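Below, each chain spelled out in residue letters.
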Amino acid sequence: MNFNIDNLLRKNIKSLTPYSSARDEYNGKEGVFLDANENAYGSPISSDYNRYPDPLQLNVKQKISEIKNVAKENIFLGNGSDEAIDLLYRAFCEPKEDNVIICPPTYGMYKVSANINDVNIINIPLKDDIFQLNVSLILDSINPKTKLIFICSPNNPTGNIIEWSDIKNILLFFKGLVVVDEAYIDYASSGSLIAELKNYPNLVILQTFSKSWGLAGIRVGVAFCSQQIIGVLNKIKPPYNINSLSQKILLEALENKFMIDTWAKKIIDDRERLILRLAAFLFVIKVYSSEANFILLKVNDPIGLYNYLITCHIIVRDRSKIVLCENCLRITIGTKIENNKLLESLKNYK
Ligand SMILES: *Cc1c(COP(=O)(O)O)cnc(C)c1O
């Protein structure tokens, strides 16, 4: 495949001399560090955070590499996957000139990040009701200014996996980057596309520690991609984008992957039980099947139901104004107790 990153990069990024931090120039462990203007006495609390964090997070990447079975050279960490999304725009999309393809209904940040970076959006909605890609329309819409195509699988808010054969067709045809967001992959029946990275130099896979890993508060997301693309992201990221606390806590959490697997299994079981129970209510028009930790629900009066649930102190997401999601609410799978509270409350609705 004739993928050439130089044809994709913005001119200013291609010629950028990146910031070189003190820890980039010397990264030995021992010594008297008088290079970064830190306070050598320590921090005014019981543990010390007076030193800048590892800019490339090598210890964390080593552990992720073992868990995900991917070389650490193919791992980029961002301050949430939202940072990786923003950096992809900044690296590859010339403001006001270039465009990206987004397939609504999908995760809102692709659009917001495009707007912030003043990048044009070509919207190619998913096919009605099956929520799969309209591949022929996507391929027809690609033009020389198209740099990125965002695909979310399992998709938020619809919950379904996107067909691999469709993604593959786009990867083969498109000379820009295909960004596959796998934020919910731990709840899906099919596995990650990470193993495909070696076959497709234009594939970028996003994952996050915010969902199944239960670490939304520490803000760490991952991009898996070719070393070439990683090099670009490292060049333009804020030098210390993952702080010491986040790195420390993530390293601890990565030792307990068995907990993530246990929770994911539970949540999948509860999801299937909840889908059956929800489908039995008369006000429910449709419960979409889900490969994620949430359920999209079509009801006769979404705002009425939303407001009723608020009076029960249950907060769900109103998606009824989103294209192809008319009358829909999105409900996250909670603990068993929370799910039961939801079902009990719904029994008393109307
Ligand atoms: C929640 C979510 C994310 C997570 O973003 P973070 O910045 O890593 O918290 C990314 N993509 C999708 C589709 C999501 O739903």
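Here the structure is a predicted model, which is why all the values come from computation and not from measurement. By convention here, each chain's residues receive numbers from 1 onward along its written sequence. Per-residue local features are limited, in this predicted model, to residues with pLDDT of at least 70; the limit for side-chain atom pairs, both in listing and counting, is 80 or more; totals at the level of whole chains, interfaces and linings are taken over all residues. Side-chain descriptors were evaluated using all non-hydrogen atoms of the structure, hydrogens and water having been removed beforehand.

## With respect to the sheet that holds strand β8 (residues 284–287)
Backbone-to-backbone hydrogen bonds join strands into a sheet, with any given pair of strands oriented parallel or antiparallel.
In step 1: At least two bridges found by DSSP between two strands are what make those strands a pair. Segments assigned H or I by DSSP are reported as helices when at least four residues long, segments assigned E as strands when at least two residues long, and all are numbered from the N terminus. Read across the sheet, four strands follow the order β8-β9-β11-β10 without closing on themselves; strand pairing throughout is antiparallel. Looking along the sheet, the strands with just one partner apiece sit at the ends: β8 and β10 (317–318).
In step 2: Relative to strand β9 (residues 294–299), β8 runs antiparallel, the two being bridged by three bridges. The residue of β9 that forms the bridge with Lys-286 is Lys-298.
In step 3: Across the sheet, helix α11 (residues 302–311) touches β9, β10 and β11 (328–332), and the angle it forms with β11 is around 35°. Two residues qualify as a contact provided that any one of their heavy atoms is within 4.5 Å of a heavy atom in the partner residue. Axes here mean lines fitted to C-alpha atoms, for a helix over just the part in contact, with angles spanning 0 to 180 degrees between N-to-C directions.

## Here we look at helix α4 (residues 81–92)
In step 1: Every helix has an expected span of 1.5 Å times one less than the residues it contains. Taking 1.5 Å of rise per residue, the twelve residues of α4 would be expected to cover 16 Å, and the 17 Å separating its terminal C-alpha atoms lies within 8% of that figure.
In step 2: Only protein chains enter the accessibility calculation, which uses a 1.4 Å probe; a residue whose area is less than 20% of its type maximum is buried, one above 50% is exposed, and one in between is partly exposed. In terms of residue burial, α4 counts as a mostly covered element, since ten of its twelve residues are buried.
In step 3: Within α4, burial applies to Ser-81, Glu-83, Ala-84, Ile-85, Asp-86, Leu-87, Leu-88, Tyr-89, Ala-91 and Phe-92.

## Examining helix α9 (residues 244–254)
In an α-helix, one full turn covers 3.6 residues, which means residues spaced three or four apart are oriented alike.
In step 1: Taken residue by residue, α9 has Ser-246, Gln-247, Leu-250, Ala-253 and Leu-254 as its buried positions. Burial along α9 is one-sided: seen end-on, the buried residues are contained in an arc of 130°.
In step 2: Packed against the buried residues of α9 are α3 (58–68) and α10 (257–279).
In step 3: Polar contacts, as counted here, are pairs of nitrogen or oxygen atoms within 3.5 Å of one another; within protein the pair requires one atom able to donate a hydrogen and one able to accept it, and residues that are adjacent in sequence qualify only if both atoms are side-chain atoms. If you check the start of α9, you find a side-chain oxygen 2.9 Å away from the backbone N of Leu-245, and it comes from Asn-243. Think of the arc as the fan of directions from the helix axis to the C-beta atoms.

## Let's talk about the side chain of Asn-293
In step 1: If you trace the backbone, Asn-293 turns up in the loop between β8 and β9.
In step 2: Among the residues examined, Asn-293 registers a relative accessible area of 11% and is labelled buried.
In step 3: Other than its neighbours up to four places away in sequence, Asn-293 contacts Tyr-184, Tyr-187, Ile-267, Ile-331, Thr-332 and Ile-333.

## Details of the side chain of Lys-147
In step 1: For Lys-147, the position within the fold is in strand β4 (residues 146–152).
In step 2: Take Lys-147: its relative accessible area is 8%, and that puts it in the buried class.
In step 3: At 3.1 Å, the side chain of Lys-147 and the backbone oxygen of Leu-8 are in polar contact.
In step 4: Other than its neighbours up to four places away in sequence, Lys-147 contacts Asn-7, Leu-8, Phe-92, Cys-93, Asp-98, Asn-99, Phe-174, Gly-176 and Leu-177.

## Quick notes on the nonpolar core
In step 1: Definition of nonpolar core: a set of buried residues of the types Ala, Val, Leu, Ile, Met, Phe, Trp, Tyr and Cys, connected through side-chain atoms within 4.5 Å. Ranked by size, the top nonpolar core spans 47 residues in total, and within it Leu-133, Ile-151, Ile-170, Phe-209 and Phe-224 carry the most contacts.
In step 2: If we ignore the near neighbours within four places in the chain, the residues touching Leu-133 are Cys-103, Leu-126, Lys-127, Ile-138, Ile-151, Ile-162, Asp-166, Ile-167 and Ile-170.
In step 3: With 33 residues, the next largest nonpolar core counts Val-100, Ile-102, Ala-114 and Cys-152 among its residues.

## Considering the sheet that holds strand β2 (residues 99–102)
In step 1: One open sheet accounts for seven strands, arranged β1-β7-β6-β5-β4-β2-β3; its pairing is mixed. Bordering the open sheet on either side are β1 (75–78) and β3 (120–123), each of which pairs with just one other strand. When strand polarity is set aside, the average angle formed by the axes of neighbouring strands in this sheet is 25°.
In step 2: As paired elements, β4 and strand β5 (residues 177–181) share five bridges and run parallel to each other. Its bridge partner lying in β5, Phe-150 is registered against Val-179.
In step 3: In the packing of α3 onto the sheet, the strands contacted are β1, β6 (203–208) and β7 (221–224), and the crossing angle to β1 comes to about 120°.

## With respect to the pattern of salt bridges
In step 1: What makes a salt bridge here is a side-chain nitrogen of Lys or Arg within 4 Å of a carboxyl oxygen of Asp or Glu, nothing more. Overall, the coordinates contain 19 salt bridges when judged by the stated rule.
In step 2: Notably, a salt bridge pairs Glu-97 with Lys-145, separated by 3.7 Å at the nearest N-O pair. Here Glu-97, found in the loop between α4 and β2, pairs with Lys-145, found in the loop between α6 (135–141) and β4; they are 48 residues apart in sequence, far enough to count as distant.
In step 3: Take Glu-97: its relative accessible area is 42%, and that puts it in the partly exposed class.
In step 4: Judged by its relative accessible area of 38%, Lys-145 falls in the partly exposed class.

## A short note on the site of the ligand
In step 1: Taken together, 14 residues lie near the ligand, and Asp-181, Tyr-184, Thr-208, Ser-210 and Lys-211 sit nearest.
In step 2: With respect to the ligand, the side chain of Thr-208 contributes an N or O atom lying 2.6 Å from an oxygen atom.
In step 3: Residue Arg-219 places a side-chain N or O atom 2.7 Å away from an oxygen atom belonging to the ligand.
In step 4: Each accessible area value is a Shrake-Rupley result obtained with a 1.4 Å probe; residue values ignore everything except the protein chains displayed when judging cover. For the ligand, whose accessible area on its own is 390 Å², the fraction buried by protein is 94%. By convention in these notes, a residue is near a molecule or strand provided one of its non-hydrogen atoms lies within 4 Å of it.

## Regarding a nonpolar patch on the surface
In step 1: Exposure above 30% relative accessible area and the lack of any salt bridge qualify a residue for a patch; like charges then connect within 9 Å, and the nonpolar side chains Val, Leu, Ile, Met, Phe, Trp and Tyr within 5 Å. A grouping of Ile-45, Tyr-49, Leu-245 and Ile-249 is seen on the molecular surface, where their side chains present a nonpolar patch of about 340 Å² in accessible area.
In step 2: If you trace the backbone, Tyr-49 turns up in the loop between α2 (22–25) and α3.

## Let's talk about unusual backbone geometry
In step 1: That bond from Pro-104 to Pro-105 is cis: its omega, 5°, falls within 30 degrees of zero.
In step 2: Here Pro-105 is to be found in the loop between β2 and α5 (109–116).
In step 3: Note that the residue after Ser-153, namely Pro-154, is joined by a cis bond; omega there is -5°.
In step 4: Checked against the element boundaries, Pro-154 lands in the loop between β4 and α7 (164–173).
In step 5: The phi dihedral of Phe-131 is positive, around 55°, even though this residue is not glycine.
In step 6: With relative accessibility at 2%, the residue Phe-131 sits in the buried group.
In step 7: Of note in this structure, Leu-324 is not a glycine but carries a positive phi near 65°.
In step 8: Relative to the assigned elements, Leu-324 resides in the loop between β10 and β11.
In step 9: According to the relative accessible area criterion, Leu-324 is buried, its value standing at 19%.

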